[in-house]
Amino acid sequence: MSWMEQLDGRSCVLLRLGDRRFALAADQVSELVSPSRMFRFAHATPEIDGVILRRGRVVPVCDVAEKLVGKRLTSRRYYLISRRRPEGTADWIALPVSGDCELIHADLTPASPSDSPHVAAWLSHAGEVIEVLNLAALTPGTGPAESMAVETPKPEANG
Amino acid sequence: MRFESAHKTPAVRTEQIILFRSSNQVFAISSASVQEVRSVDSLAGMSLAIDEASVPKVRHLLRRGEQSVYMVNAALHFGLRPSAGALIFLLRKTRVGLLIDGIEKMTTMTRLQALSPAFCHEERLWYRGLTVLDQNVIPVVNPQGFLSEDELQHLDAAVGALLEAQAASTAEIGLTQ
């Protein structure tokens, strides 16, 4: 079974970037941690701020707020540590978020071809329509073929 | 969901490394890849100046037999604030001397973590990976990543022209004496 087939499209983590809320498929999220020491070293990928150490792993930190809300976060409340690729591959990234996160269950509407590549799906929650993020399209170092789109659960084929 | 433990490696392999400084940043290099450590002063009379615009991180070279060994300024290579450099690592199996500010210490690393795919530019050539020492993350440099084949060709061509000009100038002096 592929990662996308395993993905439960209705379990999502809501995250806050500035004034806006976004969602990530819950299966992509590992944990929410308080900001810890960030290590910086010379590199040439401007989207990456540095790395943090988490359980012996080095996790790159990528502030996606600039792409999503037009400015970088001035205050980072947590890092949402998320997986960008299918299970079994160690490709984690820490997303700074500016507020509490919330685990919700919601029906997803698939993204349409006219949506931005970073939109994997849409969900509606508390009267708000929220983008479910496609991290592979939003963060550096993933080819288009490797993108993880969130798929809404399809009815099982009968016959 | 939580990370599974990252300490699953069954056999611990260690590697001797040298921590060095360039423009206030610390890097590691395998000590096995360093053939000699020289001070810049000790090479002062032996090096030739070179000005190849396409490879600005190289300003000097050493002639060793028929070969040119190019001095790569580590600060410029890594895009850091320029630093003159005080020491040179002459690297094994390459034609590179690495100009650095100083050595921090020699130590041992037990684990080299691959660079995350999120790092997707030149740093993938610069580094073998990252290691964690005393709760610090240190990039471990790739000795083969300082000069590309293309850069070496440009430098070799520039040196060829430089040596020809020198030879012509010497011959001219000989004729006029």
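Residues numbered from 1 in each chain as written. Chains lettered and ligands numbered in written order. Predicted model: local features only at pLDDT ≥ 70, side-chain atom pairs only at ≥ 80, totals over all residues.

**Structural notes on the overall build of chain A**
In step 1: Across its full length, chain A carries 3 helices and 11 strands.
In step 2: Along the chain direction, N to C, the helices and strands of chain A fall in the order α-β-β-β-β-β-α-β-β-β-β-β-β-α.
In step 3: Going through the 159 residues of chain A one by one, you find that 40% of them count as buried.
In step 4: Considering only intrachain contacts with a sequence separation of at least 6, the fraction spanning at least 24 residues in chain A is 51%. (Helix = DSSP H or I, 4+ residues; strand = E, 2+ residues; numbered from the N terminus. Buried ≥ 20, exposed ≤ 12 C-beta atoms within 10 Å, placed from the backbone. Contact = placed C-beta atoms within 7 Å.)

**A closer look at the interface of chain A and chain B**
In step 1: Each partner contributes to the interface: chain A provides 24 residues, whereas chain B provides 24 residues.
In step 2: Among the elements of the structure, strand 3 (29–33), strand 4 (48–54) and strand 5 (57–62) of chain A are those that each provide at least two residues to the side of chain A that touches chain B.
In step 3: Split into classes, the residues belonging to the side of chain A that touches chain B amount to 12 nonpolar, 7 polar and 5 charged. (Nonpolar A, V, L, I, M, F, W, Y, C, P; charged D, E, K, R; others polar.)

**Looking at the pairing of strand 4 of chain A**
All names here are of chain A.
In step 1: As paired elements, strand 4 and strand 5 share 6 bridges and run antiparallel to each other. Residue pairing across strands places Ile52 opposite Val59, the latter belonging to strand 5.
In step 2: Between the end of strand 4 and the start of strand 5, which pair antiparallel, lie 2 residues, with Arg55 showing a positive phi angle near 50°. (Pairing = 2+ DSSP bridges.)

**A closer look at the confidence of the model for chain A**
In step 1: Chain-level statistics for chain A give a pLDDT mean of 84 and a share of 81% at 70 or above.
In step 2: Low pLDDT (under 50) marks residues 144–159 of chain A, which in the prediction has 31 contacts with non-local residues, meaning those over four places away or in another chain. (pLDDT = per-residue confidence, 0-100.)

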